[in-house]
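Residues per chain are reported as follows:
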Amino acid sequence: MFFSVVIPTYNRKPILEKCLRALENQQLTDDKVSNYEVILVDDGSTDNTLEWLAENIAEFPHVRPFLQNHLGPAAARNLGIEKAQGDTIIFIDSDLVVTETFIQSHANALITGEKELGNKKLFTYGAVINTCNFDNPTSESYKITDFSAAYFATGNVAIAREWLEKVGVFDTRFQLYGWEDLELGVRLKQLGLKLVKCPKAVGYHWHPSFTLDQIPSLIDQEIQRGKMGILFYQKHPTWEVRLMIQMTWLHRLLWGFLSLGGSLNERTLAPVLQWLINQGKPQLALEIARIFLNWYNVRGVYTAYRELQT
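Residues numbered from 1 in each chain as written. Predicted model: local features only at pLDDT ≥ 70, side-chain atom pairs only at ≥ 80, totals over all residues. Heavy atoms only, no water.

Asker: Is there a simple way to think about the overall build of the protein chain in this case?
Answerer: If you tally the helices and strands in the protein chain, you get eleven helices and eight strands. Its C-alpha atoms give the protein chain a radius of gyration of 20 Å, near enough to 19 Å, the size a compact globule of 310 residues would have. Summarising its shape, the C-alpha atoms of the protein chain cover approximately 60 × 45 × 35 Å along the three principal directions. A buried classification covers 52% of the 310 residues belonging to the protein chain. Element-wise, carbon and sulfur atoms account for 55% of the exposed surface of the protein chain, whose accessible area totals about 14,800 Å². Positive and negative side-chain charges in the protein chain, numbering 30 and 34 respectively, have mean positions lying 8 Å apart. (Helix = DSSP H or I, 4+ residues; strand = E, 2+ residues; numbered from the N terminus. Rg over C-alpha atoms; globule rule 2.2 N^0.38 Å. Buried < 20%, exposed > 50% of the residue type's maximum accessible area, 1.4 Å probe, protein only. Areas by Shrake-Rupley, 256 points an atom, 1.4 Å probe, with all protein chains shown as cover. Lys, Arg positive; Asp, Glu negative; His and termini not counted. Charge placed at Lys NZ, Arg CZ, Asp CG, Glu CD.)

Asker: Looking at this structure, how should I read the side chain of Thr88?
Answerer: Locating Thr88 in the fold gives a position in strand β4 (residues 88-92). For Thr88, a relative accessible area of 4% translates into the label buried. Engagement of the side chain of Thr88 in a polar contact is seen with the side chain of Asp87, the distance being 2.8 Å. When near neighbours in sequence (up to four residues on either side) are disregarded, Thr88 contacts Met1, Phe2, Phe3, Ser4, Leu110, Ile159, Ala160 and Arg161. (Polar contact = N/O pair within 3.5 Å; in protein donor to acceptor, adjacent residues only side chain to side chain. Contact = heavy atoms within 4.5 Å.)

Asker: What exactly am I supposed to notice about helix α9 (residues 249-258) here?
Answerer: Since the α-helix advances by 3.6 residues per turn, residues separated by three or four positions end up pointing in the same direction. Taken residue by residue, α9 has His251, Trp255 and Gly256 as its buried positions. In a view along the axis of α9, the buried residues occupy a sector of 115°, so they form one face of it. Residues of α9 that are exposed and point more than 90 degrees away from the buried face comprise Trp249, Leu253 and Phe257. Structurally, α9 contributes buried residues whose contacts are with α8 (239-245) and α11 (282-309). Immediately downstream of α9, the backbone of Leu260 shows phi near 55°, a positive value. (Arc of directions from axis to C-beta.)

Asker: Explain the pairing of strand β6 (residues 122-131) here, please?
Answerer: Looking down a regular strand, the side chains alternate between one sheet face and the other. Taking burial as the measure, the ten residues of β6 include eight buried ones, the bulk of the element. Relative to strand β8 (residues 194-206), β6 runs parallel, the two being bridged by ten bridges. If you follow Ala127 over to β8, its bridge partner there is Val202. Pairing between β6 and strand β7 (residues 156-160): three bridges, direction antiparallel. Along β7, the bridge assignment pairs Thr124 with Ala158. (Pairing = 2+ DSSP bridges.)

Asker: Would you explain the environment of Leu110 in this entry?
Answerer: Tracing the backbone through its elements, the reader meets Leu110 in helix α4 (residues 102-117). Placed 87 residues apart in sequence, Leu110 and Lys197 show a C-alpha to C-alpha distance of 9.8 Å. With sequence-adjacent residues up to four places away left out, Leu110 is seen in contact with Met1, Phe3, Thr88, Leu122, Phe123, Thr124 and Ala158.

Asker: Looking at this structure, how should I read the pairing of β8?
Answerer: The pairing of strand β5 (residues 96-98) with β8 spans three bridges and is antiparallel. Within the sheet, the bridge partner assigned to Leu96 lies in β8 and is His205.

Asker: Can you walk me through a nonpolar patch on the surface in this structure?
Answerer: On the surface, Tyr142, Ile144 and Phe147 cluster together into a nonpolar patch covering about 400 Å² of accessible area. Mapped onto the elements, Tyr142 comes out in the loop between β6 and β7. For Tyr142, a relative accessible area of 48% puts it in the partly exposed group. (Patch = residues over 30% accessible without salt bridge, like charges linked within 9 Å, V, L, I, M, F, W, Y side chains within 5 Å. Salt bridge = Lys/Arg side-chain N within 4 Å of Asp/Glu carboxyl O.)

Asker: Please explain the packing of aromatic side chains as it appears in this structure.
Answerer: Geometry of an aromatic ring pair is reported as the spacing of the ring centres plus the angle between the planes. Throughout the structure, instances matching the rule amount to seven aromatic pairs. Ring geometry for Phe134 and Trp206: centres 5.3 Å apart, planes at 70°, overall edge-to-face. Residue Phe134 is found in the loop between β6 and β7, and its partner Trp206 is found in strand β8; the two are separated by 72 residues along the sequence. By relative accessible area, Phe134 is classed as partly exposed at 28%. Ring-pair connections join several aromatic residues into one group, and the members of that group are Phe123, Tyr151 and Phe152. In this structure, Arg77 packs its charged tip against the face of Phe170, placed 5.7 Å from the ring centre. The ring of Tyr302 has Arg252 sitting right over it, with the charged end atom 4.3 Å from the ring centre. (Phe/Tyr/Trp six-rings, centres within 6.5 Å; stacked < 30°, edge-to-face > 60°. Lys NZ or Arg CZ within 6 Å of the ring centre and 35° of its normal.)

In structure tokens, the structure reads:
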């Protein structure tokens, strides 16, 4: 196997450097893995990402950079697939720092999975551990909040490119935040592909510690996710997708109740959230903030759905 690690990036230069350095330190121990490349697609960054890379390219012999206008991660990943030379694609995000055995672990799981299933209709899904530790992101331990039940998510997944080409790659209409990878996952599931868990392929997803300043952008993300959720539902009008995008009476009832109809929001909860942050518990503050963030998402879904109908 020859692996192409496809990474879309947009204004992530500080953590991207750690991401790329980790990928240069891969230990390949199986002769069934011939080599790998890193396809970096800059989605129109304004932080001089490619200029920095050009100045330091000698340190990153596996990296092949490409540039596109700011069209979103779906278009960036499609360009990455188009430029990739590998027969197997690994998707990660540019804020993910992987271990030295990351690629080899995906390879081992793919080989073992193919033998067990008796066919090649599979992909591997690695572990993602969230961390706020920028200096040493790989020191974070696994937490219950790191669990994901997603079928196909591009934060850490390896798949033969033939399956991506067969289902039609990513839908570039998903230009706002969310759902482009899970929508592709629905098509892969319809094709009969099997998800094979690969817990040894660990990636540490870095994000800055939660602060109140982040709330406006987080709210905007949830509204965007609601809009893209309706596009998802248009393509696949099933109950399963309605559950995924939170377009059910249960979600309206749940988040409406927990937020007291929106009374618990970014303004009324701000003192509590700030107190938790001051106590050194920003992650707990973020989990509480999800009460109103999910309410924004649910309202965004139904607003977009009404606009579609009219």
